[in-house]
Structure formats: structure tokens, C-alpha cells
Amino acid sequence: MVQKLLQDQYRLIKIDELTIEKHYHLSADDNCYYLMEYKKDDGFDNQEKQLILNFKKKLSTRNTNQWQYKGIAIAKLTALFKNSIVPQVGLDHVTLVPIPPSKCRTDAEYDDRMYQLLRKSFPTNADLRELLYNIENIRSAHDNPQNRPTPQELQANMAINPELANEIRETVILFDDVLTSGGHFLACKNIIRSAFPNVNIIGIFISRTFWAQPDPFEFDDFMEDDWLDF
Amino acid sequence: MFNSAIDNAFSSAIIPLKEIAAYEALWLESKASFKTIANLFRQNPGRLPSELIHEEFYKELYPEIKRLIQQSKADYKANILINETFDYPSGLKDALEQVEVLYYAGNLDYLQTRGIAIVGSRNPSLNGVKRAEKITKLLVDDNFTIVSGLAKGIDAVAHKTAIKQKGRTIAVLGTPLNTYYPKENSKLQNFIAHHHLLISQVPFVRYSKQTPFGNKLFFPERNKTMSALSEATVIIEASDTSGTLIQAKAALQQNRKLFILESCFQNPNITWPAKFEEQGAIRVKDYDDIIGALDLKR
């Protein structure tokens, strides 16, 4: 595999009409961007997948040799953010908000990786706030793909930290690692909209889930038909 | 309606629909060719298609492109790959005529594996078919990805053998991604789109407006792209007038290895093998001649 140079600068890609279809909780006027596609089960150990998986490593791996990879992933993503995202953001006008992790703050598994990444990537004068928090633990969509929490459930379990709610700027950028259905983005957007009706809301995701194409036929069907028909 | 389809919060971000429209519009200029478009990008490094043509020339294409991509008769969906994005394979940047925009369906990770193109006649001899099968099997066993052009004959043999051997295969089309050509390979084309990787650089709109004669010119261009995507090209058999020879020339120009089977040299009816050998092609008497020239440890 060719190794990419993470100091390179890459362009963000917008979720548009051609690509929105499976992000079914996003709507036509949402402003969401991503850097790379995350392919779940394609049989390849590609660099993107490994970077995301390492970034998401659970805190319970803290005392194993797995843990070092989380730190390496944060460092790599910091370089990527500094080059590809930070220069695009007009810092005077935006408030940066990580989408809260599935565990609540008091849980031993509470993982503020996105906050850490943003803290390391953006200059210290950036307006970065953990504005949103989860009231109770909620099952993670990643671990429960068949029983993903709905945006309504997510929203009901989420609140704005009143101590951090003053002087929100004209644009809020929500950050998350993987965009799948868009349910977390929708829940966060609704909460912020109801408290601050006039702010623009943008989503930036490190990756978006790439779904394999549906499979129309089996390998054997096609081979029997015309394998010898050169 | 998607009113904000082309609104952009970040001036440098890519909006896929907009870039497809702009790329297609560049192709609608009367003298456009792969060469003029490659030159345009070369003279404007780091620019997107939409940064090289004014919006008034491409915005009217949005409905047609949405229709072509979202309501395509093909049972797979076209994606676009653009230089400057994280997912763009760095290997593609080595090509002399840099590939800036590609349409694809399937697994893009294949472009980050080592690929060998296997090409040859549309009407091969029985021995030609056997040789193509044998070389494909051996290369798959050595973990190479088999690249070919989905034409009938040698191309189809190479793709099918790679699939049968549980290897990887990339098909580079000389038609737009949503067009089945030749019809007899349409199942193979679907299978590759779903399980492997299908690629085309041919613009949808220009192709639909042009005569079959004009569209024929996309086939030789496809061979140049195929060579650029591959580490080496193997020619199984070809006549003196075969389009395969376009790829032979491109491979040498692009500093790719070119392998020609010994049986081609033994054919008294053709003169091209000796000519390309003088220019640096490698004569293949057995598989070691191929594998010895490729660094297997890489």
C-alpha cells in the first residue's frame, strides 16, 4: 500500500445531492463536509480505516499495547486538520463544538478524543467549547448498527452546558469522526437551533461511511453463463 | 429542492455535482481532447475543474448530470474521484499525463495495489487465450491486480481469469461509466463494478452528443490511462494495426515496463515486436522474464 503523506493539504468534500442519499438524517440544506471515505468491511486494511479505528480505540485499552495507536492517530489527524481544515476556518466568526461522545462525562469510558484533536489542531485563541453533553450514557450507533438511537432519542438525552453558552458566534461548526446516517448531527443541530435561532450550523466529519453497492447476482451465476464465451 | 446544492461554506471545498458539471463542460469545447484537458490542468496545478471554467458554462448541465447519474440504467452508481482529495491515490500523480478526474464504481483501494495491465487482440487465437489465462493466474498468485480494458478477446479473458482465481481486477473503459460496451461483456462489467473496480475518464455529456466515429477516439485514450494506472503492460498478441500498440507506446513514454510474449516475435506477419524491443520492451520467454523485472519485495 502506498502511504499518504499527512502533511499534504487536502480539500474537504461537501455532501451534495449526489452523495446525500444514504445519510438519511441529513436534509437538503445542511452544510456537511468530510475528508475521506470510511469503508467498513471491504477486506482491505486501508489507511483511512486504520486511522479511524485507532482514533476510536476505547479507553479500556489504556493498559494494553493497543493504546499507543490511539495517540499516533490523534497526532496524524492533528497534522491533517492543521493543513486541511484550520486554514479554511475564519476563527473570529466561529464557535467550534465537538459532537458529544456516546458515554456521559462521569463514565470511565468517556472519550473526549474529538475535543483533544480540536484543541491540538486549532490555535489557542479559537473559540472551542464542549457546548453539548449527554445526560446519561446512550448506546453507541457504532456498536449497535441494527438498533441505532434515533435523532429524537439522542436529542432528548442531550443538553447545552449553560456555563459555556454565552456569546456563541455567528457560525457553529460541529465536529465528529464518522458521518453515517447523520442522526447525531441532526440532534445537535436541533438543540443549538432552539437555543440560538440565528446561528449558521456546519458539520465537519473526518470521514463518511461508504456503503458497498448492493449485490445483484452471485459469482456463480455469472461464471456459468459466459465463462467460456470468449 | 436542493437550493443550497452549490452553496459552499469553505471556498476550497469540493462539491461533487459542481465538479462533474465543470469537467463535462470543459469537454464540450469543440477542440477538447484528453491532451488539451491534461495540459489545462498541468498549467493550473492544484485547480479544480470549476476553477478553470466559468459557472455560466456548466450550471445548465446540473439537471442532465443528475439524471445521468441518479437514473442511470447501469445497476451501479458512478462516483467521481478528484485530485487534491485525501482518497486520491498518490500513485496516480506519477503519470506523465496526470489523471485529474476519474469516474468509478467499486473499490478504489485497488488503485493503491500493484497493477499489471494484460491486453491484446479482440479476436485472439486459442493459444493466445491460453497464454493470457496462464499469465493472469501467475500474476494473481504473486498478488498483482490485473488491469485491462473490458474489450472482447484477451481483455475479457484477463478479467475473468483474475476473478476466477480470486484475485483483483480493474477495468478501464473506453466508454462512459454508464454505457455497456461491448454488450456481451455487460454481466462482467456489472460484476467488476460491484466486486472489483470499474473506471472511466470518458465524459458522459460529450459522448452522448457525439457521433460513433467521434467516440471511437476515446478508445486509444483509454489505453493511455490504463498504462498510467499500471506498473507494467503485458501484450499477449496483436496485429500491426491493433489499438493495443497505442498502449505499448504509452507504456514506454510513461516509463512503465512493457512485456511482449515470445510468440509475437515468432509471428512472421507482424513487425511491431522488434520495433518496441529496440525501444526498451522486454521479451518474455517464460514467467521469470516478467517477475524478474518486477521487484517482488516492494
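Owing to the predicted nature of the structure, the values given are computational and were not obtained by experimental measurement.

Concerning the state of the cysteines
Residue and element names in this part refer to chain A.
Alright, step 1. Tallied over the entire structure, the rule returns 0 disulfides over all chains.
Alright, step 2. In this structure C32 is a free cysteine whose sulfur lies 11 Å from that of C188, the closest cysteine sulfur available.
Alright, step 3. Judged by relative accessible area, which is 1%, C32 ranks as buried.

Quick look at the side chain of B:R114
All names here are of chain B.
Alright, step 1. Here R114 lies in the loop between strand 2 (101-106) and strand 3 (115-119).
Alright, step 2. Engagement of the side chain of R114 in a polar contact is seen with the side chain of E231, the distance being 2.6 Å.
Alright, step 3. A polar contact is formed between the side chain of R114 and the backbone oxygen of D295, at a distance of 2.6 Å.

Structural notes on the sheet that holds strand 8 (residues 257-261) of chain B
Residue and element names in this part refer to chain B.
Alright, step 1. One open sheet accounts for 9 strands, arranged 1-2-6-5-4-3-7-8-9; its pairing is mixed. In this open sheet, the two edge strands, each paired with only one partner strand, are strand 1 (79-82) and strand 9 (282-284). This sheet shows a mean twist of 30° between the axes of neighbouring strands, independent of strand direction.
Alright, step 2. Note: strand 3 against strand 7 (residues 232-235), 4 bridges, orientation parallel. Among the inter-strand pairings, I116 is bridged to a residue of strand 7, identified as A232.
Alright, step 3. Running at roughly 105° to strand 6 (residues 197-200), helix 7 (residues 186-195) makes contact with strand 2, strand 5 (169-173) and strand 6 of the sheet.

Quick notes on the packing of aromatic side chains
Alright, step 1. Going through the model one piece at a time under the given rule, you end up with 15 aromatic pairs over all chains.
Alright, step 2. Each ring, one from B:W27 and one from B:F34, has its centre 4.9 Å from the other, and the planes form 75°; the classification is edge-to-face.
Alright, step 3. Taking the relative accessible area as the measure of exposure, B:W27 reaches 2% and is therefore buried.
Alright, step 4. Judged by relative accessible area, which is 10%, B:F34 ranks as buried.
Alright, step 5. For the ring pair B:Y76 and B:Y180, a centre distance of 6.4 Å and an interplane angle of 75° mean the geometry is edge-to-face. Of this pair, B:Y76 sits in the loop between helix 4 (62-70) and strand 1 while B:Y180 is found in the loop between strand 5 and helix 7, placing the two residues 104 residues apart along the sequence. As far as burial versus exposure is concerned, B:Y76 and B:Y180 are alike and both buried.
Alright, step 6. A network of ring pairs unites the aromatic residues B:W27, B:F34, B:Y207 and B:F218 as a single cluster.
Alright, step 7. For the cation-ring pair, A:R113 lies above A:F55, with the distance from its terminal atom to the ring centre recorded as 5.6 Å.

Description of the pairing of strand 8 (residues 200-210) of chain A
Residues and elements named next belong to chain A.
Alright, step 1. Counting buried residues along strand 8, 10 of its 11 residues qualify, which places the element largely inside the surrounding structure.
Alright, step 2. By the bridge criterion, 8 bridges tie strand 2 (residues 31-39) to strand 8 in an arrangement that is parallel. Counted as the bridge partner of Y34 is F205 from strand 8.
Alright, step 3. Two strands pair when backbone bridges link them, and strand 7 (residues 171-179) and strand 8 are joined in this way by 8 bridges, in the parallel orientation.

Some remarks on the confidence of the model for chain B
Residues and elements named next belong to chain B.
Alright, step 1. A residue-level look at chain B finds 94% of positions with pLDDT of 70 or above and a mean pLDDT of 90.
Alright, step 2. With pLDDT under 50 throughout, residues 1-6 is counted as low confidence; its partners more than four residues away or in other chains account for 18 contacts.
Alright, step 3. Among the scores for the predicted complex, ipTM is 0.85 and pTM is 0.86.

Observations regarding the pattern of salt bridges
When the charged atoms of two side chains with opposite charge come close together, those side chains can pair.
Alright, step 1. Summed over the entire model, instances satisfying the criterion amount to 18 salt bridges over all chains.
Alright, step 2. Residues joined in a network through salt bridges with shared partners are A:K56, A:K70, A:D111, A:R113 and A:D177.

Section: the packing of helix 6 (residues 154-164) of chain B against helix 7 of chain B
All names here are of chain B.
Alright, step 1. In the contact formed by helix 6 and helix 7, the axes pass within 11 Å of each other and the chain directions differ by 50°. In terms of orientation, helix 6 lies oblique with respect to helix 7. Handedness of the helix 6/helix 7 crossing: left-handed. Packed against helix 6, whose contacting residues are A156, H159, K160 and I163, the element helix 7 presents L188, F191 and I192 at the interface.
Alright, step 2. When its residues are assigned to classes, the contact of helix 6 with helix 7 shows 5 nonpolar, 1 polar and 1 charged.

Some remarks on the packing of helix 1 (residues 47-55) of chain A against helix 2 (residues 67-84) of chain A
Residue and element names in this part refer to chain A.
Alright, step 1. Look at helix 1 against helix 2: their axes get within 8 Å of each other, and the N-to-C directions meet at 120°. For helix 1 against helix 2, the interelement crossing comes out left-handed. Between helix 1, through L51, N54 and F55, and helix 2, the contact on the second element is made entirely by Y69, K70, A73, I74, K76 and L77.
Alright, step 2. Its residues placed into classes, the contact of helix 1 with helix 2 shows 6 nonpolar, 1 polar and 2 charged.

Some remarks on the confidence of the model for chain A
Residue and element names in this part refer to chain A.
Alright, step 1. In this model, chain A carries a mean pLDDT of 86, and residues with pLDDT of at least 70 account for 87%.
Alright, step 2. At the level of individual helices and strands, chain A shows its lowest average pLDDT in helix 6 (residues 219-226), which scores 49, and its highest in strand 4 (residues 127-128), which scores 98.
Alright, step 3. Long-range and interchain partners of residues 224-230, a stretch whose pLDDT sits below 50, account for 13 contacts in this model, where long-range means more than four residues apart.

Considering helix 5 (residues 183-195) of chain A
Residue and element names in this part refer to chain A.
Alright, step 1. Relative to the 18 Å expected for 13 residues at 1.5 Å per residue, helix 5 spans 19 Å between its end C-alpha atoms, a close match to the ideal helical length.
Alright, step 2. Turning to helix 5, its buried residues number three or more, namely G183, F185, L186, A187, C188, K189, I191 and I192.
Alright, step 3. Buried residues in helix 5 make contact with strand 2, strand 5 (132-134), helix 4 (151-156), strand 6 (158-160), strand 7 and strand 8.

A few points about the sheet that holds strand 1 (residues 13-14) of chain A
In a beta sheet, neighbouring strands are held together by backbone hydrogen bonds and run either parallel or antiparallel to one another.
All names here are of chain A.
Alright, step 1. Read across the sheet, 6 strands follow the order 1-2-8-7-3-4 without closing on themselves; strand pairing throughout is mixed. Unpaired on one side and paired on the other, strand 1 and strand 4 mark the two borders of the sheet.
Alright, step 2. Running at roughly 105° to strand 2, helix 1 makes contact with strand 2, strand 7 and strand 8 of the sheet.

Side note on unusual backbone geometry
Alright, step 1. The omega torsion of the bond from B:Y181 to B:P182 falls at -10°, within 30 degrees of zero and hence cis.
Alright, step 2. Here A:E167, not a glycine, exhibits a phi torsion of approximately 50°, which is positive.
Alright, step 3. By the element assignment, A:E167 lies in the loop between strand 6 and strand 7.
Alright, step 4. The exposure class of A:E167 is exposed, given its relative accessible area of 72%.

Conventions used here
Residues numbered from 1 in each chain as written. Chains lettered and ligands numbered in written order. Predicted model: local features only at pLDDT ≥ 70, side-chain atom pairs only at ≥ 80, totals over all residues. Heavy atoms only, no water. Disulfide = S-S within 2.5 Å. Buried < 20%, exposed > 50% of the residue type's maximum accessible area, 1.4 Å probe, protein only. Helix = DSSP H or I, 4+ residues; strand = E, 2+ residues; numbered from the N terminus. Polar contact = N/O pair within 3.5 Å; in protein donor to acceptor, adjacent residues only side chain to side chain. Pairing = 2+ DSSP bridges. Axes fitted to C-alpha atoms, helices over the stretch in contact; angles between N-to-C directions. Contact = heavy atoms within 4.5 Å. Phe/Tyr/Trp six-rings, centres within 6.5 Å; stacked < 30°, edge-to-face > 60°. Lys NZ or Arg CZ within 6 Å of the ring centre and 35° of its normal. pLDDT = per-residue confidence, 0-100. Salt bridge = Lys/Arg side-chain N within 4 Å of Asp/Glu carboxyl O. Parallel < 35°, antiparallel > 145°, perpendicular 65-115°, else oblique. Left-handed = near helix turned anticlockwise from the far one by under 90°. Nonpolar A, V, L, I, M, F, W, Y, C, P; charged D, E, K, R; others polar. Expected span 1.5 Å × (residues − 1).

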